[in-house]
Amino acid sequence: MVSLLSRHGPSVCLRAPALARTVTAVPHRQAQVADVGKGLETTTSSIPLFMNRKSAAQSTTPAPIVRLVAAALPQDRDEFWREVPVWENVSAKDFLSYRWSVANTVQGTAKLFKFLQAVVPEEVPLNELGTQMQSRDEFIADVMEGVAAATMAIRMTPYILSRVNWENPRHDPIIRQFLPLKSVLIPDHPKLALDSLHEEADSPVKGLVHRYSDKALFLPTSVCPTYCMFCTRSYAVGADTDTVTKASLKPTRRRWEEAFAYIENTPALQDIVVSGGDSYYLQPDQLRMIGDRLIGMPNIKRFRFASKGLAVAPSRILDESDGWVNALIDISNKAKKAGKAVAWHTHFNHPNEISWISKDASQKLFEEGVMVRNQTVLLRGVNDDVDTMSKLIRDLADNKVFPYYVYQCDMVERVEHLRTPLQTILDLEARIRGSIAGFMMPQFVVDLPAGGGKRLACSYESYDPKTGLSTYMAPAVTGRDKENKVYEYYDPIDTLPN
């Protein structure tokens, strides 16, 4: 097929970029922190917030500590969660407790309905200009009908729910990612699939995807702290829905041992991604066990833990009573001593997901020497304009989270309203590149349908914006009849020119 657009130079950006949407901050109430210091226990042997262990060992200065969080909050931190009516009386101590977060996570349709009844105003804007309104009951009915049609179950942490502008939920970029509205869903492209990347076909053992010659994806669990509507692993992640019976990946020792055995007995493997689900749902001892096993394998040089936790439940990083972050730090340090690299790959999609809590958590990880990289998914109506994507990249970089990938949204079912044409990602990269240091510039990629792996979006063999068809080759991805295979990505039908 002859390419209709050049693959070289700026000529790939032929379409005028979409009109930039304004990045609006989540409305916050200034801190009313009289209760922050109440009942905080102190000890002369405690470690101050963000002091690393080496510094702590050398320090002779006693410092206060909270049992559930690392230290008392500075008085200038806004308690933004109090904007949510059901949490208006929740103290900082409670909100920053991971145990409290888990107990107050909104999960399932019954809890979702009750929560929306409590937080949605009597009327909310129906259109973006706010000239038309809809009632609370109409909005909630729209959500519940969307949930019934979705492929993903509902689970949202208090943190991510508190970053929503509940005065205008229909047009909020966080709601758009996690709560489906039936009225915005559009028919699927005929080429969409539940397992669009053919992960199950590329799995030599259950829960281990081996696509690249030297790298494998280990899926120890199929649970996440918050479920994304656009999940590429909707065939397995989360509870069954009205539309999908999941190929569950329960965290059993037997299944894990089969995966470890395959990794150990495949010398070409050097790099392992530990994902799921989400690594946040591994217990600290499970995290340590997986880390120790991978560190002990001579063939493994690098591994990463994939988790959205920093974006949706960052207080866990500051909660010393939990143990998860200490396990991660210990694994990172142990791997370094063994000459191996460990990183945390997280997932922010919009600047509104970032707060002082996630900033403090990122700073703690930075001071403890944990490498954190971010993988963003390009989503229509969320981050598909230059202003929003640029701000996200810079905010992450400023918080020592390295922007790694921006993914074209996968061709998975029931998210056609969130996918963008390929031209959008090409334009974004062209417009943003050069505005920030190269080592902080993410790669804009397409994870090819049918298991072709990640390719730079601009490396297509051909792209016809009129038909929406782009083609790619992946010479390094072989096996399972993939040699010389041409991979196809399709733009959403509703974005094609008439």
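Scroll up a little and you will see the structure.
Residues numbered from 1 in each chain as written. Predicted model: local features only at pLDDT ≥ 70, side-chain atom pairs only at ≥ 80, totals over all residues. Heavy atoms only, no water.

1. Focus on a negative patch on the surface
Then comes step 1: On the surface, a cluster of negative charge is contributed by Glu122, Glu123, Asp137 and Glu138.
Then comes step 2: Mapped onto the elements, Glu122 comes out in the loop between helix H4 (108–119) and strand E4 (123–125). (Patch = residues over 30% accessible without salt bridge, like charges linked within 9 Å, V, L, I, M, F, W, Y side chains within 5 Å. Areas by Shrake-Rupley, 256 points an atom, 1.4 Å probe, with all protein chains shown as cover. Salt bridge = Lys/Arg side-chain N within 4 Å of Asp/Glu carboxyl O. Lys, Arg positive; Asp, Glu negative; His and termini not counted. Charge placed at Lys NZ, Arg CZ, Asp CG, Glu CD. Helix = DSSP H or I, 4+ residues; strand = E, 2+ residues; numbered from the N terminus.)

2. Looking at the environment of Asp172
Then comes step 1: Secondary-structure assignment places Asp172 in the loop between helix H6 (158–162) and helix H7 (173–178).
Then comes step 2: Look at Asp172 and you get buried, because its relative accessible area is 4%.
Then comes step 3: C-alpha separation for the pair Asp172 and Val382, spaced 210 residues apart in sequence, amounts to 8.2 Å.
Then comes step 4: In this structure, Asp172 is in contact with Arg163, Val164 and Asn165, ignoring residues within four places of it in sequence.
Then comes step 5: Within polar-contact distance, the side chain of Asp172 engages the backbone nitrogen of Asn165 at 3.0 Å. (Buried < 20%, exposed > 50% of the residue type's maximum accessible area, 1.4 Å probe, protein only. Contact = heavy atoms within 4.5 Å. Polar contact = N/O pair within 3.5 Å; in protein donor to acceptor, adjacent residues only side chain to side chain.)

3. So, the packing of helix H14 (residues 386–398) against helix H15 (residues 422–432)
Then comes step 1: One way to put it is that H14 packs onto H15 with a least axis distance of 10 Å and a crossing angle of 60 degrees. Compared by their axis directions, H14 and H15 come out oblique. Every pair of crossing elements has a handedness; the one defined by H14 and H15 is right-handed. The segment H14 lies against H15, with Val386, Met389, Ser390 and Ile393 engaging Leu428, Arg431 and Ile432. (Axes fitted to C-alpha atoms, helices over the stretch in contact; angles between N-to-C directions. Parallel < 35°, antiparallel > 145°, perpendicular 65-115°, else oblique. Left-handed = near helix turned anticlockwise from the far one by under 90°.)

4. Details of the nonpolar core
What tends to happen in soluble globular proteins is that the nonpolar side chains get buried as a cluster.
Then comes step 1: Membership of the largest hydrophobic core comes to 125 residues, with the highest contact counts inside it found for Trp166, Ile290 and Trp344.
Then comes step 2: Ranked by residues supplied to this core, first place goes to helix H12 (residues 324–337) with seven residues.
Then comes step 3: Core analysis: the second largest hydrophobic core is formed by eight residues, Leu219, Leu249, Val273 and Ala306 among them. (Core = buried A, V, L, I, M, F, W, Y, C linked by side-chain atoms within 4.5 Å.)

5. Overview of the sheet that holds strand E18 (residues 486–490)
Then comes step 1: Strand order across the open sheet formed by three strands is E16-E17-E18, with antiparallel pairing between neighbours. Edge positions in the sheet fall to strand E16 (462–464) and E18, since each of these pairs with one other strand and no more. Neighbour to neighbour, the strand axes of the sheet diverge by 20 degrees on average, direction disregarded. (Pairing = 2+ DSSP bridges.)

6. A word on the side chain of His417
Then comes step 1: Within the secondary structure, His417 is located in the loop between strand E13 (402–408) and H15.
Then comes step 2: If sequence neighbours within four positions are ignored, His417 has contacts with Arg176, Val184, Leu185, Ile186, Met229 and Arg380.

7. Focus on the packing of aromatic side chains
Any two aromatic rings considered together are summarised by their centre-to-centre distance and by the angle between their planes.
Then comes step 1: This model, assessed by the stated rule, comprises 18 aromatic pairs.
Then comes step 2: Between Phe218 and Trp256 the ring centres are 6.3 Å apart and the planes differ by 80 degrees, which places this aromatic pair in the edge-to-face class. Pair noted here: Phe218 is in strand E8 (residues 215–218) and Trp256 is in helix H8 (residues 253–264), with a separation of 38 residues, a long-range link.
Then comes step 3: Overall, Trp256 belongs to the buried group, its relative accessible area being 2%.
Then comes step 4: The structure contains a cluster of three or more aromatic residues connected by ring pairs, namely Phe80, Trp81, Trp87, Phe95, Trp100, Phe115, Tyr159 and Trp166.
Then comes step 5: Above the ring of Phe80, the side-chain terminus of Arg163 is found at 4.5 Å from the ring centroid.
Then comes step 6: Lys400 extends its terminal NZ or CZ atom over the ring of Phe366, reaching a point 5.7 Å from the ring centre. (Phe/Tyr/Trp six-rings, centres within 6.5 Å; stacked < 30°, edge-to-face > 60°. Lys NZ or Arg CZ within 6 Å of the ring centre and 35° of its normal.)

Taken by themselves, the reported measurements are silent on function.
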